[in-house]
Amino acid sequence: GVGLALCQRLLEEDGRIHLCIACRNAQKSEDTRDLILATYPSAQVSTVEVDLGNLASVLRVARELRCRFQRLDFVYLNAGIMPNPHVNFKALCQGLLTGRLLHMLTTAEGIMTQTDRLNGDGLQEVFATNLFGHFILVRQLESLLCGNEKPSRLIWTSSSNARESAFSLSDYQHAKGQESYSSSKYATDLTSVVLNRKFNEQGLYSSVVCPGLVMSNMTYRILPIFLWKLLMPIMWLIRFFAKTYTLTPYNGAEAHVWLFKQKPEHLDALVKYHSCTSGLGKNYVEPRKIVVDEETAEKFYQKLMELENQTLERYSDLLD
């Protein structure tokens, strides 16, 4: 998916970088590494195994990374799940009748639902994997990210599906709703905003990107494969009207790579950078303002800190 395409595109930009690939499956990590080395045989590529939905795994990998590296220049926070996705065809038809179909197709607003569940840590699975595991990882890696000669960067994969209406401070894990993916991505936007306020002076900057609609393993689970094959010509046609239909992982990584080349102190912390592809296949990046309430962002951050304290108490044996 986007992760592999990103690794390949980063090496196109600078073959001297050291890539460290994090996957929850060790074999997949090695397979990905082999794919990269087949094209870039002299690249420095290492791997770590981590399940972002498992807090013990996150703490273990953070400890391993602190042992292996003295600093991290970029951390791409790209892991995500969308379990049991369902398409609301009734809402889709209503969108057609009300003229909101294109908006719904580009944001999935009102047409995508998921069935979430608790994970082994007693957390909602989507919240844990898409946001909280990343948050704990970042907090555990602060010594590698802050106080370096050059700024360090966090680049979160958010979504145009991130919506305030799907998020609630009183139910920030989204246990009571059916739009856990949208809620987790809005929570990602909130978190990035606060991290900039807390850590910019220490040389750590955070940005959020949207890869657009990319055909990946996550997307293919939404509909049966044969339906996607029937829809693909229509998808390519829609791209003339919906620039966020990037479709390929290479195109979807456009904003991630663009941020790799920017000076972070010149970026707007309240902007999400969207990968876009024109109808004729030209890739570009479109900045769009993040619609977040900064007071809500601060309150949410405090809730994350409280949950972090509970986590560290529970897994104190995994701390240095």
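How each quantity is defined
- Residues numbered from 1 in each chain as written.
- Predicted model: local features only at pLDDT ≥ 70, side-chain atom pairs only at ≥ 80, totals over all residues.
- Heavy atoms only, no water.
- Helix = DSSP H or I, 4+ residues; strand = E, 2+ residues; numbered from the N terminus.
- Contact = heavy atoms within 4.5 Å.
- Salt bridge = Lys/Arg side-chain N within 4 Å of Asp/Glu carboxyl O.
- Pairing = 2+ DSSP bridges.
- Axes fitted to C-alpha atoms, helices over the stretch in contact; angles between N-to-C directions.
- Core = buried A, V, L, I, M, F, W, Y, C linked by side-chain atoms within 4.5 Å.
- Buried < 20%, exposed > 50% of the residue type's maximum accessible area, 1.4 Å probe, protein only.
- Bend = angle between axes of the 7 residues up to and from the residue.
- Right-handed = clockwise from strand over helix to strand, strands pointing away.
- Polar contact = N/O pair within 3.5 Å; in protein donor to acceptor, adjacent residues only side chain to side chain.
- Expected span 1.5 Å × (residues − 1).

To continue, consider the environment of G212. Here G212 lies in the loop between β7 (204–210) and α9 (217–220). If we ignore the near neighbours within four places in the chain, the residues touching G212 are T244, T246 and S275.

Time to look at the pattern of salt bridges. Under the definition given, this model contains 18 salt bridges. Across the salt bridge formed by E13 and K261, the nearest N and O atoms sit 3.7 Å from each other. Linking E13 in helix α1 (residues 2–13) with K261 in the loop between α12 (254–260) and β8 (271–277), this pair joins segments that are 248 residues apart in sequence. Residue E125 is joined to R117 by a salt bridge in which the shortest nitrogen-to-oxygen separation is 3.0 Å. One network of salt bridges, in which partners are shared, links R197, K198, E294 and E298.

Before going further, it helps to spend a moment on the sheet that holds strand β6 (residues 152–157). On the basis of which strands lie adjacent, the open sheet formed by five strands has the order β3-β6-β7-β8-β9 and mixed pairing. Lying at the two open borders of the sheet, with one neighbouring strand each, are β3 (74–77) and β9 (283–289). Adjacent strand axes in the sheet meet at a mean angle of 25°, parallel and antiparallel pairs treated alike. Sheet topology places β6 next to β7; six bridges connect them, and they run parallel.

This brings us to the nonpolar core. Judged by nonpolar contacts, the single largest core of 51 residues is most densely connected at F127, F132, L141, L145, L154 and F300. A total of eight residues in this core trace back to one element, the largest contributor, which is helix α6 (residues 125–140). In this structure, L154 is in contact with V75, L77, V138, L145, L195, L204, Y205, S206 and S207, ignoring residues within four places of it in sequence. L11, L19, V257 and V271 belong to the second-largest nonpolar core, a separate cluster that totals 26 residues.

Mapped onto the fold, E201 is located in the loop between α8 (180–199) and β7. A relative accessible area of 84% means that E201 is categorised as exposed. Along the chain, E201 and G147 lie 54 residues apart, while their C-alpha atoms are 9.0 Å from each other.

The sharpest bend along α6 measures roughly 40° and falls at F132. For α6, the tally of buried residues reaches 15 of 16 residues, placing the bulk of the element in the interior.

Turning our attention to the pairing of β7. Within β7, seven of the seven residues are buried, which leaves the element mostly enclosed by the surrounding structure. Covered by surrounding structure in β7 are L204, S206, V208 and C210 together with Y205, S207 and V209, the residues of both alternating faces. Chirality of the crossover, the property in question, places the unit of β6, α8 and β7 among those that are right-handed. Alignment of β7 against β8, held across three bridges, turns out to be parallel. In the sheet register, V208 faces β8, and the bridge partner there is K272.

Along the chain, E286 turns up in strand β9. On the basis of relative accessibility, which here comes to 18%, the residue E286 falls in the buried class. A polar atom in the side chain of E286 sits 2.7 Å from the side chain of K243. A polar contact is formed between the side chain of E286 and the side chain of R288, at a distance of 2.7 Å. Those residues in contact with E286 that sit more than four places away from it in its chain are K243, K272, Y273, H274 and C276.

Now for the pairing of strand β2 (residues 44–49). Bridge analysis of strand β1 (residues 18–23) against β2 gives six bridges, and the strand direction is parallel. Its bridge partner lying in β2, C20 is registered against S46. A crossover connection joins β1 to the parallel β2 through helix α2 (residues 26–39); in handedness this β-α-β unit is right-handed.

Taking 1.5 Å of rise per residue, the 21 residues of helix α13 (residues 294–314) would be expected to cover 30 Å, and the 30 Å separating its terminal C-alpha atoms lies within 8% of that figure. Within the span of α13, buried status applies to A297, F300, Y301, L304, M305, L307, E308 and T311. On its buried side, α13 packs onto α3 (55–68), α6 and α8.

This part covers unusual backbone geometry. Positive phi values are uncommon outside glycine, yet H174 reaches one of about 60°. Mapped onto the fold, H174 is located in the loop between β6 and α8. Residue H174 is classed as buried on the basis of its relative accessible area of 9%. One non-glycine residue, L247, lies in positive phi territory at about 70°. For L247, a relative accessible area of 3% translates into the label buried.

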